[in-house]
Amino acid sequence: VQLQASGGGLVQAGGSLRLSCAAYGRTLSSNAVGWYRQAPGKQRDLVATISSGGSTNYANSVKGRFTISRDNAKNTVYLQMNSLKPEDTAVYYCRSSGWVHTLGQSPDWGQGTQVTVSS
């Protein structure tokens, strides 16, 4: 499946952004999707996941601030990011797989979208 991430930008601390991960070539509704992020000089970390059934999980660093959701009619998964902090600055990627526990082995990545949070 081809994924396209979008919605990044420059925002002040405390602001909000909504990222989108759109799928082409196959439906996302039967797939789990994860959002990852990679800051300069750091490894790529998992931020949030959503299963095909809608179950969600979050990294501790974003719990209570970020919300992952899906719109199967639009074949898109979103990441709503509120109360953004400078440490949220990173390139954000989406990834899909059949199940959440297989996301780590999936080759299906979207291109990244840059999120920059100014202090």
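Everything below is about the structure shown above.
Keep in mind that this is a model prediction, so the values were computed, not measured.

Asker: Even after reading the chapter, I still don't get the side chain of Thr76, so can you show me in this structure?
Answerer: Along the chain, Thr76 falls in strand S8 (residues 76–81). From its side chain, Thr76 meets the backbone oxygen of Lys74 in a polar contact 2.8 Å long. Residues contacting Thr76, with those up to four places away along its chain left out, are Ser20, Cys21, Ala22, Ser69, Arg70 and Asp71.

Asker: Could you clarify how one ought to interpret the pairing of S8 in this entry?
Answerer: Side-chain positions along a regular strand alternate between the two faces of the sheet. For S8, the tally of buried residues reaches five of six residues, placing the bulk of the element in the interior. As defined by bridge partners, strand S7 (residues 66–71) adjoins S8 across six bridges and the pair is classed as antiparallel. Among the inter-strand pairings, Asp71 is bridged to a residue of S8, identified as Thr76. With antiparallel pairing between neighbouring strands as the criterion, S7 and S8 make up a hairpin whose turn holds four residues, including Asn75 at a positive phi of roughly 55 degrees.

What counts and what doesn't
Residues numbered from 1 in each chain as written. Predicted model: local features only at pLDDT ≥ 70, side-chain atom pairs only at ≥ 80, totals over all residues. Heavy atoms only, no water. Helix = DSSP H or I, 4+ residues; strand = E, 2+ residues; numbered from the N terminus. Polar contact = N/O pair within 3.5 Å; in protein donor to acceptor, adjacent residues only side chain to side chain. Contact = heavy atoms within 4.5 Å. Buried < 20%, exposed > 50% of the residue type's maximum accessible area, 1.4 Å probe, protein only. Pairing = 2+ DSSP bridges.

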